Structure formats: C-alpha cells, structure tokens
Amino acid sequence: MNVSKSGYRVFSANSTTACTELAKKITERLGVELGKSLVHQESNGETRVDVKESVRGQDIFIIQTIPSDVNTAIMELLVMAYALKTSCAKNIIGVIPYFPYSKQCKMRKRGSIVCKLLASMLAKAGITHIITMDLHQKEIQGFFSFPVDNLRASPFLIQYIQEEVRQNYRNAIIVAKSPSAAKRAQSYAERLRLGLAVMHGEAHHSELDMVDGRQSPPFSPPSTRTTQGHTGLELPLMMAKEKPPITVVGDVGGRIAIIVDDIIDNVEDFVAAAEILKERGAYKIYIMATHGLLSADAPRLIEESAIDEVVVTNTVPHEVQKLQCPKIKTVDVSMILAEAIRRIHNGESMAYLFRNIAVDD
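None of the values given here were measured: they were computed from a predicted structure. (Residues numbered from 1 in each chain as written. Predicted model: local features only at pLDDT ≥ 70, side-chain atom pairs only at ≥ 80, totals over all residues. Heavy atoms only, no water.)

**Considerations on empty space enclosed by the protein**
Under the counting rule described, the total for this entry stands at two cavities of 30 Å³ or more. Taken as a whole, the second largest cavity spans an internal volume of roughly 40 Å³. Lining the second largest cavity are Ile-66, Ala-73, Ile-74, Leu-77, Ile-96, Phe-99, Pro-100, Leu-118 and Leu-122. Among the elements of the structure, helix H2 (70–86) and helix H3 (114–125) are those that each provide at least two residues to the lining of the second largest cavity. Broken down by element, the residue count for the lining of the second largest cavity peaks at three residues, all from H2. Per-class residue counts for the lining of the second largest cavity are nine nonpolar, no polar and no charged. (1 Å grid on protein atoms, 1.4 Å probe; cavity = no way out; pocket = protein on both sides within 12 Å on 5 of 7 lines; lining within 4 Å. Points joined across faces, edges and corners; volume = space filled by probe spheres on them. Helix = DSSP H or I, 4+ residues; strand = E, 2+ residues; numbered from the N terminus. Nonpolar A, V, L, I, M, F, W, Y, C, P; charged D, E, K, R; others polar.)

Laid out in structure tokens, this is it:
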C-alpha cells in the first residue's frame, strides 16, 4: 500500500525496541510503514514528542504498549496525541492493547476511580477512539466519551490450546482460580467442549478493611451525647467475611488443568492454585491470560512452581521475563489489531471481529 495515499498513518508512542515490536508487526500486516516520530525523555524526566511528517487531515493510529514504567507510557501517549491534535490530524485513534489502571475501576474506601480519570485525560488530549483488548471490566467502556472497541484474545488462546495441547486437550479441564473468574472460564469451557472447575476459599488481601473510620459511631446531636459514651442510633452490624480453606469444585484428578484469566501480574495466587491442583491430582497445569504483566519476581516464582506453562499474548512486552523463565510462551494478536485498524479507517463494520461473542463473554 502506498503510505502517502492511504489516508492514515500508524505511529508508535514509545521508541524502545520492546515496545515497538508489536507496532512493527501490525504495520507489516497492514502493508504500511511505521510513522516517523521521535519520543524521548529529557534529562529532567520530561517527555518530548516530535512528529517528523505531515498528518494534516488524516486518520492517525497511535500504538502504545505498556511496559513496566506505566506512568511514563501514559505521558508519552498523551503528549503524542496532543501533538497530533495540534498538527490538524482528522481523527486520533489510540491502539492500547492493555489499558493501564484498569484494575482501579471501582471506588474503594477513600480511593478514586483512576481508570475514569485516565479516560478523561485521553479525551482532553485529543483521542477520538480507542482500540483495546480484554478490559478488566467491560463496564469500563462507560467511562469514555468516545467509541471503544474492546477486542477479545480468547480465539487466539483457544487456538493455542487446540494446536499445542493437541490430542490431550480433550482430557483437559478449564479452571477458574476464584468464583469471580468463573464466567470467563465457563466461556472457554463451552467453546472447547470441556469440563469446568472452580476454586474457592483464597482471601484477597486488597479487599481487607483497614482503619479508615468505618468503626466510628454514627452521628448524634449534641443533646443526645453523654460523658458515659455514645447513645445514638444503633445500626445492625455487618458480619465480617470468613472464607473457608481452599477447595476445588470439580474433578481435576488425572487431567490437564488450564487456569484462565485476563491478567497475570503478581503470580502468588496462580502458584498457590497450581499447588492445590497438583494435590488434587492434576498432572499438567497451564496458565492462560491475555495480559502478561509478570511483575517483580514472577519469572522466578513460575520457574520454581508446579506450573508447566504460562501462555500470554503480546499486548504487553515481556521478552526479558521469557529469557528468565522458559515456561512463558507468547501468542501473537497483531492480526486482529491490524484488521481493526483497517476496518475503522475504511468505515467498515467491526461486527466480524466480534462474531460468536455473547454479551456476557
């Protein structure tokens, strides 16, 4: 395709080799060249973006993969979007395979919904559309004032199971490591015609109540207060949650256990789940996730664990982690991202990319 006549450009918002790898794969599939730009950090830590070619009146796609330095990547995306906006680009579409801060999409105690804040910042910077993949919660799309295409990686991961596990995958069982992940696991199980097991009982420390004033007594007018203590309204006491020891609902004995999730970051929960499944008789354990953040000591923990293989997509760069742990495998999703770009630019329907995907998938 002749880039100068195609009416669109594809840029990478990060100049590092690991982060431009996905952008290069996408442009190769599209038959276009990666846009010329310079993204770098000043000596004082500020982000500078220089666009090296005209973008006037064109559709611009900014591909930003999120490395370990999340906040720098966000600033690179915002500064580049604003630079393209002031250069009179027609539309600015952010291609953000892994949307950062997606776990902070609910109000917790006196926190904030950072995901909504980021959505507002992107709109203010000039982005008019976003292509992403497997948002942590589908409801995040409601935070945006412009269209969001939330693509799915499950067809690629399911294909990997069918091709790599091969004839043995019929002896596999899909496992949800918590009840909250059961819906995703059910979707995989139904498509592969496999059984489903659910693990229950592991506490989530992020949900524990801290000292935040919840134990303070309800307000009462000064006339009802006494020196003996509070005599105001008595509210029913909410009983604290107490989870039982970890249990597995479903038979995994003598089978291949495939744990599915959307994000694998700190792997302690996955390692603990793998140990329980081994104790229950599973002879091989796979972890399947869309976004492989694999933070901190994740590669070492995986290598030393009962997990046989961790399969993630290339929405997040993790080449360093793969060198540290040969159990980590990568599935390429550049095909669907490239097709989404082509369809959006040509004004074609995106329905083909969501075929056989139900509302609750």
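More follows now that the structure is in view.
**Digging into the layout of surface pockets**
A volume near 530 Å³ is recorded for the second largest pocket. As for the second largest pocket, its lining consists of 26 residues, of which Pro-67, Ser-68, Val-70, Leu-293 and Ser-295 are closest to the centre. Those elements giving two or more residues to the lining of the second largest pocket turn out to be helix H1 (17–30) and helix H8 (319–324). Of the residues forming the lining of the second largest pocket, the biggest block, four residues, is contributed by H8. Of the residues assigned to the lining of the second largest pocket, the class counts are 15 nonpolar, eight polar and three charged.

**Examining H1**
Along its 14 residues, H1 runs 20 Å from first to last C-alpha, staying within 8% of the 20 Å computed at 1.5 Å per residue. All of the buried residues along H1 are Cys-19, Thr-20, Leu-22, Ala-23, Ile-26, Thr-27 and Leu-30. At its buried positions, H1 is contacted by strand E1 (8–12), strand E4 (59–63) and helix H9 (334–346). Positive phi shows up at Gly-31, right after H1, with a value of about 75 degrees. (Expected span 1.5 Å × (residues − 1). Buried < 20%, exposed > 50% of the residue type's maximum accessible area, 1.4 Å probe, protein only. Contact = heavy atoms within 4.5 Å.)

**Considerations on the pairing of strand E8 (residues 172–176)**
The buried fraction of E8 amounts to five of the five residues, a majority that puts the element mostly inside the structure. Neither face of E8 is exposed, since Ala-172, Ile-174 and Ala-176 on one face and Ile-173 and Val-175 on the opposite face are all buried. Of the pairings in the sheet, the one linking E8 to strand E11 (residues 256–264) comprises four bridges and is parallel in character. Directly across from Ile-173, in E11, lies its bridge partner Ala-257. Where E8 and strand E9 (residues 195–200) come together, four bridges link them in parallel fashion. Bridge pairing in E9 links Ala-176 to Val-198. As for the winding sense of the linkage, the β-α-β connection from E8 through helix H5 (residues 182–192) to E9 is right-handed. (Pairing = 2+ DSSP bridges. Right-handed = clockwise from strand over helix to strand, strands pointing away.)

**Quick word on the environment of Val-114**
Among the structural elements, Val-114 can be located in helix H3. By relative accessible area, which is 17% here, Val-114 ends up buried. In sequence terms Val-114 and Gln-104 are 10 residues apart; their C-alpha atoms lie 5.7 Å from each other. In this structure Val-114 touches Tyr-101 and Gln-104, once residues within four positions along its chain are discounted.

**Focus: the packing of aromatic side chains**
The geometry of two aromatic rings is summed up by the distance between their centres and the angle between their planes. Counting across every chain of the model gives three aromatic pairs. When the ring of Tyr-8 is compared with that of Phe-61, the centres are 5.9 Å apart and the planes differ by 85 degrees; the resulting orientation is edge-to-face. Placement of Tyr-8 in strand E1 and of Phe-61 in strand E4 is noted, with a sequence separation of 53 residues between them. Residue Tyr-8 shares its accessibility class with Phe-61, and that shared class is buried. (Phe/Tyr/Trp six-rings, centres within 6.5 Å; stacked < 30°, edge-to-face > 60°.)

**Notes on the sheet that holds strand E10 (residues 247–249)**
With mixed pairing, seven strands are arranged side by side in an open sheet as E10-E9-E8-E11-E12-E13-E14. The open sheet has two free edges, formed respectively by E10 and strand E14 (328–331), since each of these has just one partner strand. If you compare each strand with its neighbour and ignore which way they point, the axes differ by 25 degrees on average. Pairing analysis gives three bridges linking E9 to E10, with the strands arranged antiparallel. Within the sheet, the bridge partner assigned to His-200 lies in E10 and is Thr-247. Lying on the sheet, H5 is in contact with E8, E9 and E11; it crosses E8 at an angle near 165 degrees. (Axes fitted to C-alpha atoms, helices over the stretch in contact; angles between N-to-C directions.)

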